[in-house]
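# Tertiary structure, described
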Amino acid sequence: MDKLISRLKQPKSLICGVAAMMADKFNWSCLWTRVVWAALVLMNPAMGLLIYFVLALVLPKWERNF
């Protein structure tokens, strides 16, 4: 379990790296961002994965203006 938690805390990309990019852009915890994404995908897989892959395309091009 400790190995899993340490892997989720690392800012390296898992699949497309959307959770790590969001955590970096908004200064959130990478672990909790990934936990929320996992819960979202488990509760509604179709919508969760659709949003995930749309963000995978949009987030690298989006710049923070604040």
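Residues numbered from 1 in each chain as written. Predicted model: local features only at pLDDT ≥ 70, side-chain atom pairs only at ≥ 80, totals over all residues. Heavy atoms only, no water.

## So, the overall build of the chain
A count of helices and strands for the chain gives four helices and zero strands. Listed by position from the N terminus, the elements making up the chain come as α-α-α-α. Taken over 66 residues, the chain has a buried fraction of 26%. (Helix = DSSP H or I, 4+ residues; strand = E, 2+ residues; numbered from the N terminus. Buried < 20%, exposed > 50% of the residue type's maximum accessible area, 1.4 Å probe, protein only.)

## Describing the UniProt feature "transmembrane region" (unreviewed entry) in the chain
Per the UniProt record, "transmembrane region" (unreviewed entry) is found at residues 35-59. Across residues 35-59, the secondary structure splits into 92% helix and 0% strand, with the terminal C-alpha atoms separated by 19 Å. (UniProt positions renumbered as here; feature names shortened; annotations may be inferred.)

## Looking at the environment of methionine 21
Relative to the elements of secondary structure, methionine 21 occurs in helix H2 (residues 18-26). Judged by relative accessible area, methionine 21 falls into the partly exposed class, the value being 22%. With 34 residues separating them along the chain, methionine 21 and leucine 55 place their C-alpha atoms 9.6 Å apart. Here methionine 21 is in contact with Cys16, Leu59 and Pro60, once residues within four sequence places are set aside. (Contact = heavy atoms within 4.5 Å.)

## Focus on helix H3 (residues 30-43)
With 14 residues, H3 ought to run about 20 Å at 1.5 Å a step, and its terminal C-alpha atoms sit 20 Å apart, in line with that. Among all positions in H3, only Cys30, Leu31, Thr33, Arg34 and Trp37 are buried. For H3, the buried positions fall inside an angular range of 165° around the axis, keeping them on one side. Among the exposed residues of H3, those oriented more than 90 degrees off its buried face are Trp32, Val36, Leu42 and Met43. (Expected span 1.5 Å × (residues − 1). Arc of directions from axis to C-beta.)

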